[in-house]
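Each chain, written out:
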Amino acid sequence: MKLNLFSKLVFAAALAFLASIFIYFSYANVYSSVLFNEETFHQQYGNGIYQYRILSSYMLESVDALIKSMPFGIKITPYLWDKGADPGFYISFAVLNTFFTVLSAIMMVFITESKYFIATETEKTLLISASLFAIIITQFVIVPYDCSSYFFLLLFFWVFLKFLHKESWSILAVLMLIMVISSLNRETSALSISLAATILFAKSGTGKKFLIPVIFLVLSFVVVYFGVRLYFGRFATHDNNLLALNFRLFRNWLGIFFWLVFFAFSLIIAKDRTAVRNIVIFHFFAIPYIFMSFYGGILYETRLYVPLFLTSVFLGRTELNRN
């Protein structure tokens, strides 16, 4: 059945909303349960590399303040594993992340409706659904910045497709603004540069059309990356060296297996060999992020691969030479 754009947006938003709500309110979260109160939240996210993710913490605290200011109480009782968890604060996590999951779903629809995206209507629906479920099943680790980072990554993808159609300074300025905002949210914004570099390299090689946009995008990221560290008076790229631990613990091997399976998934559903090559090139340009995930992240937290997966899935169906 062929749907119009509005119907597709409604379906994608509804699917994202329902999946997220069921995950947050039908299951008891164990992994992140100790962080669902203001005191432990500030201990965790007010120190180390987490303090540099200014935007996500601000948004969560704003949502929490808004919920607490409501004249009527929220009649929802989530299943909380930790006895010290605050149900209201947990609901703030759920509201923020569900909101950005819905926005991410909407951006997926816009990307699939681009003239550069090659897929049948059925394939588009299934790709969006698979992408949403990849986001949802990795929400056993609940943080304030993941779902918003997916939205900014997909927003960048969509605007960059506009840049392909019309390589104007105004669109590049919008892309730089998205980079600045998303970099204040989480360092995964660097993957937007990897995406841009992949597309420009595949389309134009390494000439001026490749170098100029990439340089401006890198500058946008670097200004924020170093700026927030100067603001806090402490420079750090990670909190701990977890590289050995990621290869020693069995559960982290499960995380690595997740990376491999979902990487293979993106290759299998790619439209042709050129798309497969672009996905591989994207991962090459994303080596700094991949290295830092292995070095400073916990690979059992499979959410670390989701931004790579989302980009790969949609990149694998993007035809770069269409006019």
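Residues numbered from 1 in each chain as written. Predicted model: local features only at pLDDT ≥ 70, side-chain atom pairs only at ≥ 80, totals over all residues. Heavy atoms only, no water.

**Q** What is the right way to look at the packing of helix α2 (residues 38–45) against helix α3 (residues 54–69) in this model?
**A** Axes are the key here: two packed helices are described by the angle between their axes and the distance separating the axes. One can describe the packing of α2 onto α3 by two numbers: an axis separation of 12 Å at closest approach and a directional angle of 170°. Taken as axis vectors, α2 and α3 run roughly antiparallel relative to one another. Where α2 crosses over α3, the two elements pack in a sense that is left-handed. Facing Glu38, Phe41, His42 and Tyr45 of α2, the residues of α3 in contact are Ser57, Leu60, Glu61, Asp64 and Lys68. Looking at side-chain class alone, the contact of α2 with α3 contains 3 nonpolar, 2 polar and 4 charged residues. (Axes fitted to C-alpha atoms, helices over the stretch in contact; angles between N-to-C directions. Helix = DSSP H or I, 4+ residues; strand = E, 2+ residues; numbered from the N terminus. Parallel < 35°, antiparallel > 145°, perpendicular 65-115°, else oblique. Left-handed = near helix turned anticlockwise from the far one by under 90°. Contact = heavy atoms within 4.5 Å. Nonpolar A, V, L, I, M, F, W, Y, C, P; charged D, E, K, R; others polar.)

**Q** Help me understand the pattern of salt bridges, please; the structure alone is not making it clear to me.
**A** Tallied over the full model, the rule gives 14 salt bridges. Between Arg53 and Glu187 there is a salt bridge, with the nearest N and O atoms lying 2.8 Å from each other. On the criterion of sequence distance, the pair formed by Arg53 in the loop between α2 and α3 and Glu187 in the loop between α7 (169–185) and α8 (190–204) is long-range, its members being 134 residues apart. A single burial state applies to Arg53 and to Glu187, both of which are buried. Taking the shortest distance from any N to any O, the salt bridge between Arg303 and Glu301 comes out at 3.1 Å. Assessed through its relative accessible area of 6%, Arg303 is described here as buried. (Salt bridge = Lys/Arg side-chain N within 4 Å of Asp/Glu carboxyl O. Buried < 20%, exposed > 50% of the residue type's maximum accessible area, 1.4 Å probe, protein only.)

**Q** Even after reading the chapter, I still don't get the nonpolar core, so can you show me in this structure?
**A** Generally speaking, soluble globular proteins have nonpolar side chains that are buried together. Met108, Phe156, Phe160, Leu175, Trp259, Leu308 and Phe314 are the most contacted members of the largest nonpolar core, which has 93 residues in total. No other element matches helix α6 (residues 146–165), which puts 14 residues into this core. For Leu308, the contacting residues outside a window of four places in its chain are Leu191, Trp259, Phe282, His283, Ala286, Tyr289 and Ile290. Among the nonpolar cores identified, the runner-up in size contains 5 residues, and Ile49, Tyr52, Val228 and Ala236 belong to it. (Core = buried A, V, L, I, M, F, W, Y, C linked by side-chain atoms within 4.5 Å.)

**Q** Would you mind going over the packing of helix α4 (residues 87–112) against α6 with me for this structure?
**A** Put simply, α4 and α6 touch, their axes get as near as 8 Å, and they point 20° apart. In terms of orientation, α4 and α6 fall into the roughly parallel class. Handedness of the crossing formed by α4 with α6: left-handed. Here Asn97, Phe100, Thr101, Leu103, Ser104, Met107, Met108, Phe110 and Ile111 of α4 lie close against α6, whose contacting residues are Cys147, Ser148, Tyr150, Phe151, Leu154, Leu155, Phe157, Trp158 and Leu161.

**Q** Looking at this structure, how should I read the packing of aromatic side chains?
**A** Working definition: an aromatic ring pair is given by the centre-to-centre distance plus the angle between the planes. For the coordinates displayed, the defined rule picks out 40 aromatic pairs. Their ring planes at 40° and their centres at 5.5 Å tell us that Phe160 and Phe163 sit as a pair that is tilted. Here the residue Phe160 and the residue Phe163 both occupy positions in helix α6, the gap between them amounting to 3 residues, near one helical turn. The pair formed by Phe160 and Phe163 is uniform in burial state, with each residue classed as buried. Their ring planes at 45° and their centres at 5.8 Å tell us that Phe265 and Phe309 sit as a pair that is tilted. (Phe/Tyr/Trp six-rings, centres within 6.5 Å; stacked < 30°, edge-to-face > 60°.)

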